[in-house]
Amino acid sequence: MCRIITITGDLGSGKSTVSAILCRRLGYDYINTGKIQREIADRYGMTTVELNRYSETHPEIDAEIDATFKSLNDASNIIIDSRLAWFFVPDSFKVFLTVELQVAAERIASDLLRTSEKYSSVEEAIENIISRKSSENKRYMELYGADCSDLANFDLVLDTSFLTPEEAAEYIIGKLGN
């Protein structure tokens, strides 16, 4: 079994939910960048989209987040839900979750736990998803040369658009031994 699993993917693809299920099923610990980023955004009085834009000219934000992941290469039995953990922990089992944009927007717009990502409509959520993804991909390419859009960087790519989180987790577990 893999000692470190890194999970990234599209916004609204179910990364956090699937990661939590995997942690329960495998007995792994969980580290979540989304939570860290939302906490930083709250601390700055910003939305996550605003924090991403701010981060484009303030590298200390990425440094604060990324330092955590760089230190995890020797860890065991952890699942890391992060945009760049696959890059910082290259020997992990790298999973990328995809989702159709409309499905992602509906998931995000209806998620009551996303206090820093409240949208008045699905259309507004779509605009913000596109903006955030563009900002992150640009920044990560400039900072690290990490191409988050190149799916060849991952051991497993899974579309979660019409899967339950439990089905996605089961599929991932099935691929861990291969």
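Quick caveat: nothing in here was measured; it's all calculated off a predicted structure.

Quick notes on the rules
Residues numbered from 1 in each chain as written. Predicted model: local features only at pLDDT ≥ 70, side-chain atom pairs only at ≥ 80, totals over all residues. Heavy atoms only, no water. Helix = DSSP H or I, 4+ residues; strand = E, 2+ residues; numbered from the N terminus. Expected span 1.5 Å × (residues − 1). Buried < 20%, exposed > 50% of the residue type's maximum accessible area, 1.4 Å probe, protein only. Contact = heavy atoms within 4.5 Å. Axes fitted to C-alpha atoms, helices over the stretch in contact; angles between N-to-C directions. Parallel < 35°, antiparallel > 145°, perpendicular 65-115°, else oblique. Nonpolar A, V, L, I, M, F, W, Y, C, P; charged D, E, K, R; others polar. Lys, Arg positive; Asp, Glu negative; His and termini not counted. Salt bridge = Lys/Arg side-chain N within 4 Å of Asp/Glu carboxyl O. Polar contact = N/O pair within 3.5 Å; in protein donor to acceptor, adjacent residues only side chain to side chain. Pairing = 2+ DSSP bridges.

Undergrad: I tried to follow helix α7 (residues 122–144) on my own but got confused; where do I start?
TA: Since the α-helix turns once every 3.6 residues, residues separated by three or four places project in the same direction. For α7, which comprises 23 residues, the first-to-last C-alpha distance of 32 Å matches the rise-based estimate of 33 Å (1.5 Å per residue) to within 8%. Turning to α7, its buried residues number three or more, namely Ala125, Ile126, Asn128, Ile129, Arg132, Ser135, Glu136, Arg139 and Tyr140. Those residues of α7 hidden inside the fold are in contact with α2 (33–44), α3 (48–55), α4 (59–70) and α6 (101–110).

Undergrad: Would you mind showing me how to read the packing of α2 against α3 here?
TA: The relative placement of two packed helices comes down to the angle between their axes together with the axis-to-axis distance. Between α2 and α3, the least distance of the axes is 9 Å, while the angle of their chain directions is 85°. Comparing their axes, α3 and α2 come out roughly perpendicular. Contacts between α2 and α3 involve Gln37, Arg38, Ile40, Ala41 and Tyr44 on the former and, on the latter, Thr48, Leu51, Asn52 and Tyr54. Grouping the constituent residues of the contact of α2 with α3 by class yields 5 nonpolar, 3 polar and 1 charged.

Undergrad: Quick question: what am I supposed to make of the side chain of Asp81 here?
TA: When you line up the elements, Asp81 lands in strand β3 (residues 78–81). Despite its burial, Asp81 pairs with no opposite charge, the nearest such side chain being Lys15 at 5.4 Å. Here the side chain of Asp81 touches Ser16 through a polar contact of 2.8 Å, side chain to side chain. Engagement of the side chain of Asp81 in a polar contact is seen with the side chain of Tyr30, the distance being 2.9 Å. Filtering out sequence-adjacent residues up to four positions away, Asp81 remains in contact with Ile7, Lys15, Ser16, Ser19, Tyr30, Ile31, Asn32, Thr33 and Gly34.

Undergrad: Got a minute to help me understand the pairing of β3 in this structure?
TA: A regular strand places its side chains so that they alternate between the two faces of the sheet. Going residue by residue along β3, you find Ile78 and Ile80 tucked away on one face and Ile79 and Asp81 tucked away on the opposite face as well. Relative to β3, strand β1 (residues 4–9) runs parallel, the two sharing 4 bridges. Bridge pairing in β3 places Ile4 opposite Ile78.

Undergrad: What am I meant to see in the pattern of salt bridges here?
TA: Side chains carrying opposite charge are able to pair once their charged atoms draw close together. If you walk through the whole model with that rule in mind, you get 7 salt bridges. Salt-bridge contacts for Glu64 lead to Arg43; the nearest nitrogen and oxygen are separated by 3.2 Å. Here Arg43 lies in helix α2 and Glu64 lies in helix α4, a separation of 21 residues in the sequence. Judged by relative accessible area, which is 38%, Glu64 ranks as partly exposed.

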